[in-house]
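Reading the structure
The primary structure of each chain is shown beneath.
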Amino acid sequence: MNKNTPLNPGMSDALELEVAIIGAGTSGLYSAYRLTGSGKSVYQNGRVQVFDMLNRLGGRLESVKLPGMDLVGELGGMRYMTSQKIITALIQDVFEDQMHVADFPMGDPSKLFMYLRKQRFLQNQWNVEQEKGKKWETRYHLNDDDLGCSADQLFNKVIYTVLVNDPWFVKNFDGKVIKKDAYNYEFLLTSRDWNEVKPNLTYNFPGSPYHNCRVNDIGFWNLLKDQVSEEGYTFLSTAGGYYSNTINWNAAEAFPYMVGDFSNAEVQFKTIAEGFDSIAYALANAYMATPKACIWSENKLLRFSKLTQAATHKYELIFLNLRSGTEWKVYANSIILAMPRRSLELLRHNNFFFNAKRNVQRAAALDLNIRSIVAAPAYKILMGFERAWWTQFGIDSGHSITDLPMRQCYYFGTDPKNGHSMLLGSYGDMVSQTFWKVLSDHPDYFQVKATRSVALGDLRALSPVQAKRLMVNEIMDELRELHGADIDFPYVTWYRDWTEDPFGGGYHAWKAGYDVGATMRFMRRPLPTERIHICGEAYSDQQGWVEGAFCEAEKMLQEYFTLTRPLWLDKDYYLGW
Ligand code: FAD
């Protein structure tokens, strides 16, 4: 995989373009690849160019190697599902000669740990007890009906119960949700079905504070508390691994997300052997192979304005070249803002698009719609160890889960050459990010240490990305508590907090009460009189996934740039609202 894509950190004042794409994350690069590959002359010969403030490609995808190990670690996105057909086709067909598909093993639940309320047990414990006709009891005071369920099973139970209590659902989707036994449920709804269900589903529980509300108008926390009690909610949000799944986001949106990702045993996770960010590089390389293509790195869009009708182009964009501190101008007829909520908010100041005086109502709608989603704080800490201490428990892959602030660790693998091994030592979100944030503000970095295979000089190059000393001390304490074992310190770490600007969070979630379909369509072209478009994961219906970024970009390109559906994409694949 060629990751030496040429980036241009320079400037070319008064550059004239047809389309300026801001953001070299997956949605921006996909847009550049599709526009230049469309065969339309208006998008050829350097008329579409890409800009990013970072000195690398990929946005929230970043695959890295730790010295001493021939293994890839993921600081951002790390896997895809084979049901996600744009990313699957790109990886497995379009760019198959450039990268290798790899399994993303979720490990053996009979070896992996849960550590909740100081109770340590194995992840298959619920199933083991269920097979004996018994119930596994944790230290959560669950409702009698819910006792013995794992978090995944309880999520499914709640979703099933809400669906089958709505007569409208039963009338229209009979047979598409199945109760297999006391603990297991099957959901056969397609994403097209879900898009009919989500806005129409009614919460039909007489006596509940939310009786007769649309599920779309209730928060997921509201609904879970009502179904399983606050204690049950606490169990779900801790045992589920991710706090972000159970924030008070749009309950209707949460349903397919939970069923499709974390609860369905049929779902296969895959990744890319050369690193998940290879998909961004492959798109960038294909774009760069077209004449006069250019990716302007380390150039931050500060603002943009509308030019008079007499001008040759519709918009003037002002970039700050971060190396020289100089501002320069670009002229374009269309702008694609391929970026998340926080990045958009950073552009609001003194910008006609966000404060359109001639279209006050539409500008107010844009303001409201930008705020229709919540950004979820998220961070990762990669750690390199001299040996895979987790093999003493029979663990070779997958993740352990705890309610300690570290929340989850993923066992990423071992380099057979020297035994050096990689752990995603902590992967947390929401409130747990604030626990680590205070420690990350301390001045002292973790001191890397040489191993029998890695010299100190090689490790020192990574000094700026080390976790702070106190963080590593704390994580080691928590790893020891979670595993119930003494564990030696790592020799190197790598910390990334996606809450920092310009991202504002790792992923996004719709708020309750919004018409999600209408908001998604609105964001793809907020002002009907302007050729300014917003795309990416944030305002998609597959939030937290690269596929969401691709689907939004694809729909925007078909609707507003007259592109036709790509031949490599399954003709029946539903792109969503
Ligand atoms: P981004 O990747 O955020 O790209 C936006 C780009 O815009 C950035 O490069 C930014 O620098 C640039 N930018 C912003 N403002 C400006 C400006 N003013 N001027 C110039 N440039 C600017 N997805 C999966 O599919 N699978 C996973 O397993 C998965 N796990 C994840 C785990 C974590 C911890 C995180 C953080 C994300 C994860 N995701 C996962 C989500 C996935 O990474 C995102 O959905 C996807 O990368 C978003 O792409 P995007 O193009 O919408 O935005």
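The preceding data block contains the structure.
Reference entry: report on the structure contained in this document. Keep in mind that this is a model prediction, so the values were computed, not measured. (Residues numbered from 1 in each chain as written. Predicted model: local features only at pLDDT ≥ 70, side-chain atom pairs only at ≥ 80, totals over all residues. Heavy atoms only, no water.)

What follows concerns the overall build of the chain. When its secondary structure is counted, the chain shows 16 helices and 25 strands. Taken over C-alpha atoms, the radius of gyration comes to 24 Å for the chain, in line with the 25 Å a tight globule of 577 residues would show. By its C-alpha atoms, the chain is 80 × 65 × 45 Å across when sized along the principal axes. Expressed as a percentage of contacts within the chain between residues at least 6 apart in sequence, the contacts between residues at least 24 apart total 72%. By element, 49% of the accessible surface of the chain is carried by carbon and sulfur atoms, the whole surface being about 23,000 Å². Charge centroids of the chain, computed over 61 positive and 66 negative side chains, lie 5 Å from each other. (Helix = DSSP H or I, 4+ residues; strand = E, 2+ residues; numbered from the N terminus. Rg over C-alpha atoms; globule rule 2.2 N^0.38 Å. Contact = heavy atoms within 4.5 Å. Areas by Shrake-Rupley, 256 points an atom, 1.4 Å probe, with all protein chains shown as cover. Lys, Arg positive; Asp, Glu negative; His and termini not counted. Charge placed at Lys NZ, Arg CZ, Asp CG, Glu CD.)

The next point concerns the sheet that holds strand β7 (residues 101-103). One key point about sheets: their strands pair by backbone hydrogen bonds, in either a parallel or an antiparallel sense. Here we have 3 strands laid out as an open sheet, ordered β6-β12-β7, and antiparallel in their pairing. Every other strand in the sheet has two partners, leaving β6 (80-81) and β7 as the edge strands with one partner each. (Pairing = 2+ DSSP bridges.)

For A252, the location among the structural elements is in helix α8 (residues 251-262). Once residues within four sequence positions are removed from consideration, A252 is found in contact with K198, V215 and N216.

Read across the open sheet, the 5 strands follow the order β13-β3-β2-β17-β25; overall the sheet is parallel. Of all strands in the sheet, those with a lone pairing partner are β13 (295-296) and β25 (532-535), marking the two edges. Pairing analysis gives 4 bridges linking strand β17 (residues 334-338) to β25, with the strands arranged parallel. The residue bridging I336 from the neighbouring strand is H533, located in β25.

Okay, helix α14 (residues 469-483) next. Between the first and last C-alpha of α14 there are 21 Å, a value that for 15 residues agrees with the 21 Å anticipated at 1.5 Å per step. Along α14, the residues that are buried comprise M471, V472, I475, M476, E478, L479, L482 and H483. Of the residues flanking the end of α14, it is G484, one or two places downstream, whose phi is positive at about 65°. (Expected span 1.5 Å × (residues − 1). Buried < 20%, exposed > 50% of the residue type's maximum accessible area, 1.4 Å probe, protein only.)

Before going further, it helps to examine the nonpolar core. Residues V162, L163, V215, F220, L223, F235 and F255 are the most contacted members of the largest nonpolar core, which totals 81 residues. Those residues within four positions of F255 in sequence are excluded, and the remaining contacts are I159, V162, L163, W194, L201, V215, F220 and L223. Counting 45 residues, the second largest nonpolar core, distinct from the first, contains A280, A282, I336 and C551. (Core = buried A, V, L, I, M, F, W, Y, C linked by side-chain atoms within 4.5 Å.)

On to the side chain of N216, then. Counting through the fold element by element, N216 comes out in the loop between α6 (191-200) and α7 (220-239). At 2.9 Å, the side chain of N216 forms a polar contact with the backbone oxygen of Y514. Each residue touching N216, except ones within four places of it in the same chain, is listed here: K198, N250, A252, A512, G513, Y514 and V516. (Polar contact = N/O pair within 3.5 Å; in protein donor to acceptor, adjacent residues only side chain to side chain.)

Taken together, 38 residues surround the ligand, and among them S27, D52, R60, R79 and V546 come closest. Between the ligand and the protein, one listed contact pairs a nitrogen atom with a backbone N or O atom of L301 at 2.9 Å. Within the complex, the protein chains bury 98% of what would otherwise be the 1,000 Å² of accessible surface of the ligand. Going through the elements one at a time, α1 (26-36), β14 (299-306) and α16 (546-560) are the ones with two or more residues in the shell around the ligand. Looking at which element gives the most residues to the shell around the ligand, the answer is β14, with 3 residues. For the shell around the ligand, a count of residues per class yields 19 nonpolar, 13 polar and 6 charged. (Near = heavy atom within 4 Å. Nonpolar A, V, L, I, M, F, W, Y, C, P; charged D, E, K, R; others polar.)

What follows deals with the pattern of salt bridges. Following the criterion strictly, the structure yields 34 salt bridges and no others. Note that E62 and R496 form a salt bridge whose closest N and O atoms lie 2.5 Å from each other. With a gap of 434 residues between them, E62 in the loop between β3 (48-51) and β4 (63-64) and R496 in strand β23 (residues 492-497) connect regions that are remote in the sequence. (Salt bridge = Lys/Arg side-chain N within 4 Å of Asp/Glu carboxyl O.)

On inspection of all chains with the given rule, the structure shows 39 aromatic pairs. Pairing Y203 with F205 gives two aromatic rings, centres 4.6 Å apart and planes at 45°, and the pair type is tilted. Residue class for Y203 comes out buried when judged on its relative accessible area of 0%. Overall, the relative accessible area of 15% leaves F205 in the buried class. For the pair F304 and F353, a centre-to-centre distance of 5.9 Å together with 45° between the ring planes defines the contact as tilted. Of the two residues, F304 is situated in strand β14 and F353 in the loop between α10 (341-345) and α11 (360-370); the sequence distance between them amounts to 49 residues. (Phe/Tyr/Trp six-rings, centres within 6.5 Å; stacked < 30°, edge-to-face > 60°.)

Looking now at the packing of α1 against helix α9 (residues 278-288). Interaxial distance between α1 and α9 falls to 9 Å at its minimum, and their mutual angle equals 30°. The pairing of α1 with α9 is recorded here as roughly parallel in orientation. In this structure, the crossing between α1 and α9 has a hand that is left-handed. Together, T26, L29, Y30, A32, Y33 and T36 of α1 and A280, L283, A284, A286 and Y287 of α9 make up the contact between the two elements. Of the residues in the contact of α1 with α9, the class split is 9 nonpolar, 2 polar and no charged. (Axes fitted to C-alpha atoms, helices over the stretch in contact; angles between N-to-C directions. Parallel < 35°, antiparallel > 145°, perpendicular 65-115°, else oblique. Left-handed = near helix turned anticlockwise from the far one by under 90°.)

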